[in-house]
Number of protein chains: 2
Amino acid sequence: MSHTQPDLYEQLTSSERLFEGKIINLRRDEVLLPNGRTGMREVVEHPGAVAIVPVTTDGSIILVRQFRHPIGRIILEVPAGKLDPGEDPADCAVRELAEETGFTANKLRKLTSMYTTPGFSNEIIHLYLAEDLIESDKQPDDDEFIHTEVFTPEQIRKMIASGELCDAKSLVALCLAGI
Amino acid sequence: MSHTQPDLYEQLTSSERLFEGKIINLRRDEVLLPNGRTGMREVVEHPGAVAIVPVTTDGSIILVRQFRHPIGRIILEVPAGKLDPGEDPADCAVRELAEETGFTANKLRKLTSMYTTPGFSNEIIHLYLAEDLIESDKQPDDDEFIHTEVFTPEQIRKMIASGELCDAKSLVALCLAGI
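Computed from a prediction, not measured in an experiment: that's the story for all the values here.

Draft legend 1. Seen up close, the overall build of chain A. For chain A, the count of helices and strands is 3 helices and 10 strands. Going from the N terminus to the C terminus, chain A shows its helices and strands as β-β-β-β-β-β-β-α-β-β-β-α-α. In terms of overall dimensions, chain A has a C-alpha envelope of 60 × 30 × 30 Å along the principal axes. Scored against the burial criterion, the 179 residues of chain A give a buried share of 54%. Element-wise, carbon and sulfur atoms account for 46% of the exposed surface of chain A, whose accessible area totals about 7900 Å². Positive and negative side-chain charges in chain A, numbering 18 and 30 respectively, have mean positions lying 5 Å apart.

Following this line, the structure appears as structure tokens:
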């Protein structure tokens, strides 16, 4: 579609790699803008991720509470995690759900895929609804410092309205799951 | 809350500034984990932003179509923009709405504030619903390469269901606006 809209399209002219990290990389690209000028674009490269809305057989939702260093706060989120290289997103959803909650799902349904911050990063998150949960023997990972907590849909809606639920992927996933 | 949950909290021990950019900065922090080990956290610093759901008097929604270099795609989004230093988010919403659509709103209502990527960035986006729009004499900025397009709520819902609407802030804002 981009090539049919030359008044919007930006063309890469050069790229400089600035940082290779454990989770993200950073590069700075020079682009040719639609008006013929050049612009600089800072790009955070991310491997992509999944997020899951786990719904128990009685209709409750499992969330995880964790400290997020970049914002300096403990917040509630849906279970989520980064894609391993080459990993299928649905497989990643099953793995992350087990690692973070100890549950596996008999029903897994894709909700959507979304870009978290298309202005400065390529991160894409694939969102899933997980139903008919059964407890697995998998224990949460040692290096995950998280609490799992169970909420009713009513409690979820209140926390969305109050702003207590403030994580983008969680808000989209819960909305699309019809919570 | 964090200090009452020592099994989740991470304590900053040192910080290294890696990049100062036009829009984002990057630093790498060393933290003391709850288990007493140390961990590294890559943090993208962002000034924060606003996003607005503009609803016309006949109930239609104005979106902007633009090329996003990090993902290499032209996508549809709600109007949005970064906070200027010290700028009040509501003022920023009024300014960005005018700059991107040429409209001002008689009614502006805060929907929520959310973190786009709390795992690696501190970006917070403040979401607003803008109603009773009136055309202003302000022209879209010269350096914004965007198209504005108008959609019915029905069209929006179809584009959410099909995955064509794939921008996190837009999905949250449209859901919370009750579209």
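Draft legend 2. Seen up close, the interface of chain B and chain A. Residue-level contacts link 64 residues of chain B with 64 residues of chain A. Overall, the association of chain B and chain A removes approximately 5600 Å² of surface from exposure, summing both partners, and the carbon and sulfur fraction of that is 69%. Contact with chain A buries area across many residues of chain B, yet B:His69, B:Tyr115 and B:Phe145 alone supply 13% of it, more than any other trio. Linking chain B to chain A there are 0 salt bridges. Counting across the chain B and chain A interface gives 18 residue pairs in polar contact (both at pLDDT 80 or more). The set of elements that each furnish at least two residues to the side of chain B that touches chain A consists of β1 (11–20), β2 (25–32), β3 (38–45), β5 (61–68), β6 (73–77), β8 (103–115), β10 (146–151) and α3 (168–176) of chain B. A total of 6 residues in the side of chain B that touches chain A trace back to one element, the largest contributor, which is α3(B). Its residues assigned to classes, the side of chain B that touches chain A comprises 33 nonpolar, 16 polar and 15 charged.

Draft legend 3. Representation of helix α2 (residues 153–162) of chain B. Turning to α2(B), its buried residues number three or more, namely B:Ile156, B:Met159 and B:Ile160. Down the axis, α2(B) shows its buried residues gathered within 105 degrees of arc, on one side only. Looking at α2(B), the residues exposed on the side facing more than 90 degrees away from the buried face are B:Lys158, B:Ala161 and B:Ser162. Against β8 (103–115) and α3 (168–176) of chain A together with β5, β6, β10 and α3 of chain B lie the buried residues of α2(B).

Draft legend 4. Region of interest: the packing of α3(A) against α3(B). Where α3(A) meets α3(B), the axes come as close as 9 Å, and the angle between the chain directions of the two elements is 50 degrees. Here α3(A) is positioned oblique relative to α3(B), judged by the angle of their axes. Handedness of the crossing formed by α3(A) with α3(B): left-handed. For the pair formed by α3(A) and α3(B), the contact residues are A:Ala168, A:Leu171, A:Val172 and A:Cys175 on the first element and B:Ala168, B:Leu171, B:Val172 and B:Cys175 on the second. Of the residues belonging to the contact of α3(A) with α3(B), the class tally is 8 nonpolar, no polar and no charged.

Draft legend 5. The arrangement of the sheet that holds strand β1 (residues 11–20) of chain A in detail. Residue and element names in this part refer to chain A. Pairing is antiparallel in the open sheet, where 3 strands are placed in the order β1-β2-β3. Each edge of the sheet is formed by a strand with only one pairing partner; in this case those strands are β1 and β3 (38–45). Strand after strand, the sheet turns through a mean of 20 degrees between neighbouring axes, direction not considered. Two elements, β1 and strand β2 (residues 25–32), share 8 bridges in a ladder whose sense is antiparallel. Residue Glu20 lies in a different strand from β2, and its bridge partner there is Asn25.

Draft legend 6. Quick look at the relation of the copies chain B and chain A. By a simple turn and slide, chain B fits onto chain A: the slide is 0.0 Å along the axis, the RMSD is 0.0 Å, and the turn is 180 degrees. Interpreted geometrically, this transformation is the action of a two-fold axis. Of the residues that chain B buries at the interface, 100% are likewise interface residues in chain A, meaning the two copies contact each other through the same surface.

Draft legend 7. Representation of the pattern of salt bridges in the model. Under the definition given, this model contains 32 salt bridges over all chains. A salt bridge links B:Glu16 to B:Arg28; its shortest N-O distance comes to 3.4 Å. In this pair, B:Glu16 is assigned in strand β1 and B:Arg28 in strand β2, connecting sequence segments 12 residues apart. Looking at B:Glu16, the relative accessible area reads 38%, which means it is partly exposed. On the basis of relative accessible area, B:Arg28 is assigned to the partly exposed category, the value being 26%. Residues B:Asp84 and B:Arg95 are paired through a salt bridge, measuring 3.7 Å at the closest nitrogen-oxygen approach. Here B:Asp84 is found in the loop between β7 (80–82) and α1 (89–101), whereas its partner B:Arg95 is found in helix α1, with 11 residues between them in sequence. Where salt bridges share partners, they join A:Arg17, A:Glu20, A:Arg27, A:Asp29 and A:Glu45 into one cluster.

Draft legend 8. View of the sheet that holds β2(B). All names here are of chain B. One open sheet holds the 3 strands; their spatial order is β1-β2-β3, and the pairing between them is antiparallel. The open sheet is flanked by β1 and β3, the only strands paired with a single partner. Strand after strand, the sheet turns through a mean of 20 degrees between neighbouring axes, direction not considered. Strand direction decides the pairing type here: β2 and β3, joined by 8 bridges, are antiparallel. Note on β3: the bridge partner recorded for Leu26 is Val44.

Draft legend 9. Local environment of the domain arrangement of chain A. All names here are of chain A. Each assigned domain of chain A is listed here: domain 1 (11–45) and domain 2 (49–176). Inter-centroid distance (C-alpha atoms) of domain 1 to domain 2 is 30 Å. The interface is formed by 5 residues belonging to domain 1 together with 4 residues belonging to domain 2. Taken together, domain 1 and domain 2 are joined by 0 salt bridges. In terms of residue class, the side of domain 1 that touches domain 2 is built from 3 nonpolar, no polar and 2 charged.

About the thresholds
Residues numbered from 1 in each chain as written. Chains lettered and ligands numbered in written order. Predicted model: local features only at pLDDT ≥ 70, side-chain atom pairs only at ≥ 80, totals over all residues. Heavy atoms only, no water. Helix = DSSP H or I, 4+ residues; strand = E, 2+ residues; numbered from the N terminus. Buried < 20%, exposed > 50% of the residue type's maximum accessible area, 1.4 Å probe, protein only. Areas by Shrake-Rupley, 256 points an atom, 1.4 Å probe, with all protein chains shown as cover. Lys, Arg positive; Asp, Glu negative; His and termini not counted. Charge placed at Lys NZ, Arg CZ, Asp CG, Glu CD. Contact = heavy atoms within 4.5 Å. Buried area = accessible area lost by both parts, 1.4 Å probe. Salt bridge = Lys/Arg side-chain N within 4 Å of Asp/Glu carboxyl O. Polar contact = N/O pair within 3.5 Å; in protein donor to acceptor, adjacent residues only side chain to side chain. Nonpolar A, V, L, I, M, F, W, Y, C, P; charged D, E, K, R; others polar. Arc of directions from axis to C-beta. Axes fitted to C-alpha atoms, helices over the stretch in contact; angles between N-to-C directions. Parallel < 35°, antiparallel > 145°, perpendicular 65-115°, else oblique. Left-handed = near helix turned anticlockwise from the far one by under 90°. Pairing = 2+ DSSP bridges. Least-squares fit on C-alpha atoms with pLDDT ≥ 70 in both. Domains from an automatic or database assignment.

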